[in-house]
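This is what each chain is made of:
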Amino acid sequence: MTKTRVLASLIMAPVAIAAVLLLSTPWIVALSAVLFLAGLWEWFRLAEVEDGLSRGVLLLANLLLMVALVWASSTDSSGSLVLFKLLTVAGVIWWLLAVLWLRHTGFASDHDTHARVIKLAAATASVIPAWCALALIHAGQPYGHRWLLIALAMIWAADSGAYFAGRRFGRRKLAPQISPNKTVEGLAGGLLAGVLLAVLAAPLAGAELAQLPLVALVAVLTILFSVVGDLYESLLKRHVGAKDSGTMIPGHGGLLDRIDSVLAALPVFALGQIWLGF
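From a predicted model like this one, the values you see are computed outputs, not experimental measurements.

Caption draft 1: Looking closely at the overall build of the chain. Check the secondary structure of the chain and you find nine helices and two strands. For the chain, the N- to C-terminal ordering of α and β elements is α-α-α-α-α-α-β-β-α-α-α. Taking 2.2 N^0.38 as the reference for a compact globule, 278 residues should give roughly 19 Å; the C-alpha atoms of the chain span a radius of gyration of 18 Å, in line with that estimate. Seen along its three principal axes, the alpha-carbon backbone of the chain occupies a region of about 50 × 50 × 35 Å. Per-residue burial over the chain gives 47% buried out of 278 residues.

Next up, the structure:
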């Protein structure tokens, strides 16, 4: 399983890097929409929507929302992508509310219709703002593609740093009722790895030396939110007794297992990028 996981990573990482750096923003927006909708399909399963037709209708509704946003942005003569920015802000607000959900781990853990509706609303509130944030980051000139790569690489580095630091130094549990393997020491290791990568890479995306402390601050907030996204998906899986969100990626589980951190992190990073003026 470990060899399969490593091989899958060696294939996925270069493809993702090449896509971010070489594709134009419209193509990145389209490709990310496909990936995010695939993750949304897995989310619906965790929300116990088992009927394929019902999941298809829900997926179509989110796709139509994405299409409507692209159409609205194309008719915005100012080119400011106001709706994308507003939804990105809404995404950050949603993930702040999700922290309260995590603090009350039994909330919506039952299997009635009320709980399912909440989880379905959370799905759209997680995926659509992250997709808008991705578009905003990549569309930034002149180094939007580099900033997006930094954002993704920072999340990957934080995830790896947390894994190795947790295995080596982990003692205190971060959220034992949700994800027993996560530790405070792992979180610290993830923050160190992610922030270090962001600070070292930011000059390649046009950041000046005086701005690096602000880059580090944005990186810290982004990584903390990425952990919230990871824990939130872990809570959904715990509610239904699932180990993984799916089987799409060999050795890694489902696609949602790979993008849960990204969904929560991108809106924060996008607002940070706007704040820094890149």
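Caption draft 2: Region of the structure containing the pairing of strand E2 (residues 179-183). As defined by bridge partners, strand E1 (residues 173-175) adjoins E2 across two bridges and the pair is classed as antiparallel. Residue pairing across strands places Lys 173 opposite Thr 183, the latter belonging to E2. Hairpin connection, E1 to E2: the antiparallel pair is bridged by three residues.

Caption draft 3: Region of the structure containing the nonpolar core. Core analysis: the biggest nonpolar cluster contains 77 residues, and Phe 36, Trp 95, Trp 131, Trp 147, Tyr 232, Leu 263 and Leu 266 have the highest contact counts within it. Those residues in contact with Leu 263 that sit more than four places away from it in its chain are Phe 36, Trp 43, Trp 95, Ser 126, Val 127, Ala 130 and Leu 256.

Caption draft 4: Summary view of the packing of aromatic side chains. Scanning the entire structure with this criterion turns up nine aromatic pairs. Ring centres of Phe 84 and Trp 131 lie 5.6 Å apart, and the angle between their planes is 40 degrees; this geometry places the pair in the tilted category. Of the two residues, Phe 84 is situated in helix H4 (residues 82-103) and Trp 131 in helix H5 (residues 113-139); the sequence distance between them amounts to 47 residues. In this structure, Phe 84 and Trp 131 share a single accessibility class: buried. Both rings, one in Trp 101 and one in Tyr 232, keep their centres 5.1 Å apart while their planes meet at 85 degrees; by these two values the pair is edge-to-face. Of this pair, Trp 101 sits in helix H4 while Tyr 232 sits in helix H8 (residues 212-240), and the two are 131 residues apart along the sequence.

Caption draft 5: Broad picture of the packing of H8 against helix H9 (residues 255-276). As a packed pair, H8 and H9 sit with axes 7 Å apart at the nearest point and diverge in direction by 150 degrees. Considering their axes alone, H8 and H9 lie roughly antiparallel with respect to each other. For the element pair H8 and H9, the recorded crossing hand is right-handed. Between H8 and H9, the residues in contact are Leu 214, Val 215, Leu 217, Val 218, Leu 221, Thr 222, Phe 225, Ser 226, Gly 229, Asp 230, Glu 233 and Lys 237 and Leu 256, Asp 257, Asp 260, Ser 261, Ala 264, Ala 265, Val 268, Phe 269, Gly 272, Trp 275 and Leu 276, respectively. Of the residues that constitute the contact of H8 with H9, the class distribution is 13 nonpolar, five polar and five charged.

Caption draft 6: Layout of the environment of Glu 208. Mapped onto the fold, Glu 208 is located in the loop between helix H7 (184-201) and H8. A relative accessible area of 56% means that Glu 208 is categorised as exposed. Considered as a pair, Glu 208 and Thr 88 are 120 residues apart in the sequence and their alpha carbons are 25 Å apart.

Caption draft 7: Seen up close, the pattern of salt bridges. Going through the model one piece at a time under the given rule, you end up with five salt bridges. A salt bridge links Asp 230 to Lys 182, with the shortest nitrogen-to-oxygen separation between them at 3.2 Å. Here Asp 230, found in helix H8, pairs with Lys 182, found in strand E2; they are 48 residues apart in sequence, far enough to count as distant. A salt bridge links Glu 233 to Lys 237; the shortest N-O distance between them is 3.8 Å. Within this pair, Glu 233 and its partner Lys 237 are both found in helix H8, separated by four residues, close to a single helical turn. The exposure class of Lys 237 is buried, given its relative accessible area of 12%. Beyond isolated ion pairs, a larger network of salt bridges with shared partners links Glu 233, Lys 237 and Asp 257.

Caption draft 8: Structural context of unusual backbone geometry. A cis amide bond links Gln 141 to the next residue, Pro 142, at an omega of 0 degrees. In this fold, Pro 142 is placed in the loop between H5 and helix H6 (144-169). Residue Glu 48 is not a glycine yet carries a positive backbone phi of 65 degrees. Relative to the elements of secondary structure, Glu 48 occurs in the loop between helix H2 (25-46) and helix H3 (52-74). With relative accessibility at 23%, the residue Glu 48 sits in the partly exposed group.

Criteria and thresholds
- Residues numbered from 1 in each chain as written.
- Predicted model: local features only at pLDDT ≥ 70, side-chain atom pairs only at ≥ 80, totals over all residues.
- Heavy atoms only, no water.
- Helix = DSSP H or I, 4+ residues; strand = E, 2+ residues; numbered from the N terminus.
- Rg over C-alpha atoms; globule rule 2.2 N^0.38 Å.
- Buried < 20%, exposed > 50% of the residue type's maximum accessible area, 1.4 Å probe, protein only.
- Pairing = 2+ DSSP bridges.
- Core = buried A, V, L, I, M, F, W, Y, C linked by side-chain atoms within 4.5 Å.
- Contact = heavy atoms within 4.5 Å.
- Phe/Tyr/Trp six-rings, centres within 6.5 Å; stacked < 30°, edge-to-face > 60°.
- Axes fitted to C-alpha atoms, helices over the stretch in contact; angles between N-to-C directions.
- Parallel < 35°, antiparallel > 145°, perpendicular 65-115°, else oblique.
- Left-handed = near helix turned anticlockwise from the far one by under 90°.
- Nonpolar A, V, L, I, M, F, W, Y, C, P; charged D, E, K, R; others polar.
- Salt bridge = Lys/Arg side-chain N within 4 Å of Asp/Glu carboxyl O.

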